[in-house]
Amino acid sequence: FNGLEPHKIARLQKDAASAFARFCREVKSVEAFLAQEGFGISEDAVSAEISLVENLVKPAKQESDVHRKAVSITGDLVTNFTIPRLQRLYKVAEKLRAGPTPRIIQTAAEPIRLAYEAMQKHECRNRGGQHALATLANLNWMPTSVPEQLPLFYYLTVARLRTAILRRLTQGELRLFKHQHSVADLEVFLLTTALLTHNE
């Protein structure tokens, strides 16, 4: 912990445990939703991801552990779990788009519901995304607070959503982050936010 005071170390450990527990709940909720829509994976695959993240949240004992974890995040977690889940979420979003407003959206908080509905009103997806972002901003939507002490950049405010979706990454940034956000990500964000806040 690089010489941190004991009370700060205790806080970090408490936040790490709390964040990991939240991650487990949310992954299981999203995977249950995907399975319900016909895009689930095996329980063993879910357990493998949770085990991987459990190892990642343990404190690094030496500098080589930090490097190993960084490689594991980009080379294993993102490649084998995060991106495939996102691809399945895209498919669910496309499936739900073809029918009536999903029940999970109907019971969502008003800003999320209205933003999703605004998005579906336009044949042009880009215009629909802009309408959805404007709706969230107009209704002063804010992310749900969590008990962990997180840097501000971890919170997906409307401004951060807009920047992520509208800004084009450079080739170097794309190699680093491995994903260019689009309107499809906003649609998935609205669905998963409705799901996760409903399950809290």
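Residues numbered from 1 in each chain as written. Predicted model: local features only at pLDDT ≥ 70, side-chain atom pairs only at ≥ 80, totals over all residues. Heavy atoms only, no water.

Visitor: Explain the overall build of the chain to me, and be specific about the residues and the numbers.
Guide: Scanning the chain from N- to C-terminus turns up 9 helices and 0 strands. Listed by position from the N terminus, the elements making up the chain come as α-α-α-α-α-α-α-α-α. In terms of overall size, the chain behaves like a compact globule, its C-alpha atoms giving a radius of gyration of 18 Å where 200 residues would be expected to give roughly 16 Å. Taking all 200 residues of the chain together, 34% fall into the buried category. The contacts of the chain with a sequence gap of at least 6 include a subset with a gap of at least 24, amounting to 63%. Here the chain has roughly 12,600 Å² of accessible surface; of this, 56% comes from carbon and sulfur atoms. Of the charged side chains in the chain, 26 are positive and 21 negative; the average position of the first set lies 3 Å away from that of the second. (Helix = DSSP H or I, 4+ residues; strand = E, 2+ residues; numbered from the N terminus. Rg over C-alpha atoms; globule rule 2.2 N^0.38 Å. Buried < 20%, exposed > 50% of the residue type's maximum accessible area, 1.4 Å probe, protein only. Contact = heavy atoms within 4.5 Å. Areas by Shrake-Rupley, 256 points an atom, 1.4 Å probe, with all protein chains shown as cover. Lys, Arg positive; Asp, Glu negative; His and termini not counted. Charge placed at Lys NZ, Arg CZ, Asp CG, Glu CD.)

Visitor: Tell me about the confidence of the model for the chain, and name the residues and values.
Guide: Per-residue confidence for the chain gives a mean pLDDT of 88, with 94% of residues at or over 70. For the chain, per-element mean pLDDT is lowest for helix α8 (residues 171-177), which scores 76, and highest for helix α5 (residues 110-120), which scores 96. (pLDDT = per-residue confidence, 0-100.)

Visitor: How would you sum up the packing of aromatic side chains? Please name residues and give values.
Guide: Enumeration according to the criterion identifies 1 aromatic pair in this entry. Taking 5.6 Å as the distance between ring centres and 85 degrees as the angle between the ring planes, the aromatic pair formed by Trp-141 and Phe-189 counts as edge-to-face. A residue pair is termed long-range when its members are at least 10 positions apart, and Trp-141 in the loop between α6 (125-138) and α7 (158-166) and Phe-189 in helix α9 (residues 183-198) qualify at 48 residues. Each member of the pair, Trp-141 together with Phe-189, is buried. (Phe/Tyr/Trp six-rings, centres within 6.5 Å; stacked < 30°, edge-to-face > 60°.)

Visitor: Report on the nonpolar core, specifying residues and quantitative values.
Guide: Formed by 32 residues in total, the largest nonpolar core has its most connected members in Ile-105, Ile-112, Leu-136, Trp-141, Leu-186, Leu-190 and Leu-191. At the level of secondary structure, the elements contributing two or more residues to this core comprise α1 (6-36), α3 (63-97), α4 (103-106), α5, α6, α7 and α9. With 9 residues, α9 is the largest single contributor of residues to this core. With residues up to four places along the chain from it excluded, the contact list for Leu-136 reads Pro-111, Ile-112, Ala-115, Trp-141, Val-158, Leu-161 and Leu-190. Counting residues in hydrophobic clusters, the runner-up holds 10 residues, among them Phe-20, Val-46, Leu-52 and Leu-77. (Core = buried A, V, L, I, M, F, W, Y, C linked by side-chain atoms within 4.5 Å.)

Visitor: Explain helix α2 (residues 43-56) residue by residue, including any values.
Guide: Between the first and last C-alpha of α2 there are 20 Å, a value that for 14 residues agrees with the 20 Å anticipated at 1.5 Å per step. Turning to α2, its buried residues are Val-46, Glu-49, Ile-50, Leu-52, Val-53 and Leu-56. Axial view of α2: buried residues confined to an arc of 155 degrees, hence all on one face. Exposed positions of α2 whose direction lies more than 90 degrees from the buried face are Glu-43 and Asp-44. (Expected span 1.5 Å × (residues − 1). Arc of directions from axis to C-beta.)

Visitor: Account for the pattern of salt bridges, with residues named and values stated.
Guide: Tallied over the entire structure, the rule returns 9 salt bridges. Two residues, Asp-15 and Arg-11, come together in a salt bridge whose shortest N-O distance is 3.1 Å. Of this pair, Asp-15 and Arg-11 both sit in helix α1, 4 residues apart, which is roughly one turn of the helix. Exposure remark for Arg-11: the relative accessible area of 28% places this residue in the partly exposed category. A salt bridge links Lys-95 to Glu-37; the shortest N-O distance between them is 3.1 Å. Placement of the pair is Lys-95 in helix α3 and Glu-37 in the loop between α1 and α2, with a sequence separation of 58 residues. For Lys-95, a relative accessible area of 42% puts it in the partly exposed group. The network of salt bridges with common partners includes Glu-31, Glu-49, Arg-85 and Arg-88. (Salt bridge = Lys/Arg side-chain N within 4 Å of Asp/Glu carboxyl O.)

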